[in-house]
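The lines below spell out each chain.
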Amino acid sequence: MSIESTNFIRQIVARDIAAGKNDGRVVTRFPPEPNGYLHIGHAKSICLNFGIADSYGGACNLRFDDTNPEKENIEYADSIKRDVQWLGHEWRNLCYASGYFERLHGFAVELIEKGMAYVDSLTPEEIREHRGTLTEPGRESPFRDRGVGENLDLFARMRAGEFGDGEHSLRARIDMASGNINMRDPVIYRIRHASHWRSGDKWCIYPMYDFTQCLSDALEGVTHSLCTLEFEDHRPLYDWVLDNVDVPCHPQQIEFGRLNLNYTVMSKRLLNRLVQERYVAGWDDPRLPTISGLRRRGFTPASIRNFCERIGVTKSDGMVEMGVLEHAVREDLDNDAERRMGVLRPLKVIIDNYPANRIEELVARNHPKRPEFGERSIPFSREIYIERDDFMEDPPKKYFRLAPGREVRLRYGYYITCREVIKNEAGEVVELRCTYDPETKGGTSPDGRKVKGTMHWVCAENAVDAEVRVYDRLFQSANPTSENFLNQLNPHSLEVLRHCKLEPDLANAAIESRYQLERQGYFCIDADSDALHPVLNRTVTLRDSWAKQAA
RNA sequence: UGGGGUGUAGCCAAGUGGUAAGGCACCGGAUUUUGAUUCCGGUAUGCGCAGGUUCGAAUCCUGCCACCCCAGCCA
């Protein structure tokens, strides 16, 4: 059920193909920096880039934009590859900006030779002072007019390691008076005596983003270089570099709005803090909007792809409601997940007129609408568990679950009627005594009498004891800001339920397999499970019009 | 007082001069052994605001307003 939308970027690509631009080729790339884990916002970019390549017979590269050795590492790079693949995409080439370091250096030399770049010996602070402000032009560096020979010599010595970090930098010679601050002689190389996760200690000068991105794109023959809105005013620089150096092609940068999702944060910096400072259990904490977190939570790749398709791609920066993502998983899992029964907050029910030693097997469908999913048998006996919420001693109007004297249907089981309520000394209901109607096996009565409620249940004797982790939004605020986000954490974002009772079939469920627990929601078997003790994550609840009505 | 963007329903989003698609959410109703799913129906006399052009404007013009991004040797 994948919808292929059109959007302004696809229109540009289609138009370019029709016009014969780039000989009709389409090459895109997804260029993450390996300094953190991917999140749902990256998924939007991944789906866009790979999706366009797919539908126009092109190719998409995965390229690590690894020009800042101090922040990057291989763990991040590995996680990125894993996540892209899990989402279901295949890159044509696996590339690294660091793989272009030698050629990038050559382009820098070319710029110097043309008098379009110079070695500046101002300190970082002085450079900042010279840059001017948003409303005032910058001032030229006293080193701006150094001769080509001197620049070449200094740049060579920068590379050779003769200088310390920050002593010199290489700057593009553009326009210190430009209204666009990115054009005020941007630094394109800096000295950093740091070892790089791929190139080791080979380099002590590293190219900056603006110099690297456009040239990497050109070297890979990228036709459409898609990035987010904040790079819009870098585009003149992107084009300047490509226009002034001898490259095989000139990719077109196109910007789109990044994804914002309410009740969560998407910034890598903030996510990193949540992980490093232990507000969550790791990058794959199911409460996080990271790909690995969503995966552990039970989201499917298809649901994420459909979500990305549905929210569209535009230049307006909007805030998408979490409900859209939730709808996407429900839709996918409703179709694909097998059904089981499980009781999260058990209440014991004893069926007085059912023989004490008898256990019978009842037949349940694994999916209400897909017979090919088959059937399973579930045990039934005198003692069962039902959900505490499914009983009320003094029910409100329109409540059609169990109550004193009421008859309900046990799904795939019998009709039972509540005869007696057993309480402890504190007055809490601890047990129900019921009777069943032997004529209603399977859930229908020969006399055709109607019962309003159908409830899930689990046979007490054979139930599997499980831990279930139920999640709520990580933040209480729809739009947590970087200043207040720690204060906005939702203290109830994780609730661990122990001694939940599942039907026996679930004892052997595979890690990462997904089920619908009928009437409750979709759940995913967590990696913390062991043979005796499954752990489930609740991905999302079912829609619940009763909860809405009761509230 | 600089530069670059964006404004269509509660949220996303089509629309490219011919009379406001679709999705999510929401509200009705039907079916239902999951209060689920599914199915039907409803929800902008209105497109940031004000003028103008035109037989006709969300689309073109003018002026305003609001919001977002930019002053890392981060990406």
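On to the layout of surface pockets, then. Roughly 1,200 Å³ of internal volume is contained in the largest pocket. Every residue lining the largest pocket is counted, 37 residues in all, and those nearest its centre are Glu33, Glu230, Phe231, Arg258 and Lys268. Of all elements in the fold, only strand E1 (27-30), helix H2 (40-55), helix H7 (209-219), strand E8 (224-228), strand E9 (252-256) and helix H9 (268-276) reach the threshold of two or more residues within the lining of the largest pocket. Each residue belonging to the lining of the largest pocket can be placed in one class, and the counts come to 12 nonpolar, 13 polar and 12 charged. Both domain 1 (3-256) and domain 2 (268-338 + 466-550) contribute no fewer than three residues apiece to the lining of the largest pocket. The calculated volume of the second largest pocket comes to roughly 860 Å³. Sorting the residues of the lining of the second largest pocket by element identifies strand E25 (535-541) and helix H13 (545-550) as the ones contributing at least two each. Top contributing element to the lining of the second largest pocket by residue count: H13, with four residues. Split by residue class, the lining of the second largest pocket holds seven nonpolar, six polar and 13 charged. The two domains that each donate at least three residues to the lining of the second largest pocket are domain 2 (268-338 + 466-550) and domain 3 (342-455).

Moving on, we come to the pairing of strand E6 (residues 187-191). Successive residues of a regular strand alternate their side chains across the two faces of the sheet. Among the five residues of E6, four are classified as buried, and the element is accordingly described as predominantly covered. Here three bridges tie strand E5 (residues 169-172) to E6, and the two strands are oriented antiparallel to one another. What sits directly across from Ser169, in E6, is Arg190. Sheet topology places E6 next to strand E7 (residues 205-207); three bridges connect them, and they run antiparallel. Paired with Tyr189 across the two strands is Pro207, which belongs to E7.

Let us now look at the packing of aromatic side chains. The geometry of an aromatic ring pair is captured by the separation of the ring centres together with the interplanar angle, meaning the angle of the planes. Here the structure, examined in full by the defined rule, presents 18 aromatic pairs. Centroid distance Phe101 to Trp203: 6.0 Å. Interplanar angle 75°. Geometry classified as edge-to-face. With a gap of 102 residues between them, Phe101 in helix H4 (residues 101-113) and Trp203 in the loop between E6 and E7 connect regions that are remote in the sequence. Each of the two residues, Phe101 as well as Trp203, counts as buried. Each ring, one from Phe155 and one from Tyr189, has its centre 5.4 Å from the other, and the planes form 75°; the classification is edge-to-face. Placement of Phe155 in helix H6 (residues 148-160) and of Tyr189 in strand E6 is noted, with a sequence separation of 34 residues between them. A relative accessible area of 1% means that Phe155 is categorised as buried. Taken together, the aromatic side chains of Tyr354, Phe380, Tyr414, Tyr436 and Trp457 make up a single cluster linked through ring pairs. Against the face of Tyr96 rests Arg198, its NZ or CZ located 3.4 Å from the ring centre. For the cation-ring pair, Arg473 lies above Tyr263, with the distance from its terminal atom to the ring centre recorded as 3.5 Å.

Attention shifts here to the packing of H2 against helix H11 (residues 301-311). Orientation of H2 relative to H11, taken along the N-to-C sense of each, is 75°, at an axis distance of 9 Å. The angle between H2 and H11 falls in the class roughly perpendicular. Residues Ile40, Ala43, Lys44 and Cys47 of H2 touch H11, and the partners they reach there are Ile304, Arg305, Phe307, Cys308 and Ile311. Grouping the amino acids of the contact of H2 with H11 by side-chain chemistry returns seven nonpolar, no polar and two charged.

Along its sequence, chain A is organised into domain 1 (3-256), domain 2 (268-338 + 466-550) and domain 3 (342-455). Each of domain 2 and domain 3 was reduced to a C-alpha centroid, and the two centroids are 29 Å apart. Across the domain 2/domain 3 interface, buried area totals approximately 2,000 Å², and carbon plus sulfur atoms make up 48% of it. Ranking the residues of domain 2 by area buried against domain 3 places Lys501, Arg519 and Trp546 at the top, with a combined share of 31%.

Conventions and cut-offs
Residues numbered from 1 in each chain as written. Chains lettered and ligands numbered in written order. Predicted model: local features only at pLDDT ≥ 70, side-chain atom pairs only at ≥ 80, totals over all residues. Heavy atoms only, no water. 1 Å grid on protein atoms, 1.4 Å probe; cavity = no way out; pocket = protein on both sides within 12 Å on 5 of 7 lines; lining within 4 Å. Points joined across faces, edges and corners; volume = space filled by probe spheres on them. Helix = DSSP H or I, 4+ residues; strand = E, 2+ residues; numbered from the N terminus. Nonpolar A, V, L, I, M, F, W, Y, C, P; charged D, E, K, R; others polar. Domains from an automatic or database assignment. Buried < 20%, exposed > 50% of the residue type's maximum accessible area, 1.4 Å probe, protein only. Pairing = 2+ DSSP bridges. Phe/Tyr/Trp six-rings, centres within 6.5 Å; stacked < 30°, edge-to-face > 60°. Lys NZ or Arg CZ within 6 Å of the ring centre and 35° of its normal. Axes fitted to C-alpha atoms, helices over the stretch in contact; angles between N-to-C directions. Parallel < 35°, antiparallel > 145°, perpendicular 65-115°, else oblique. Contact = heavy atoms within 4.5 Å. Buried area = accessible area lost by both parts, 1.4 Å probe.

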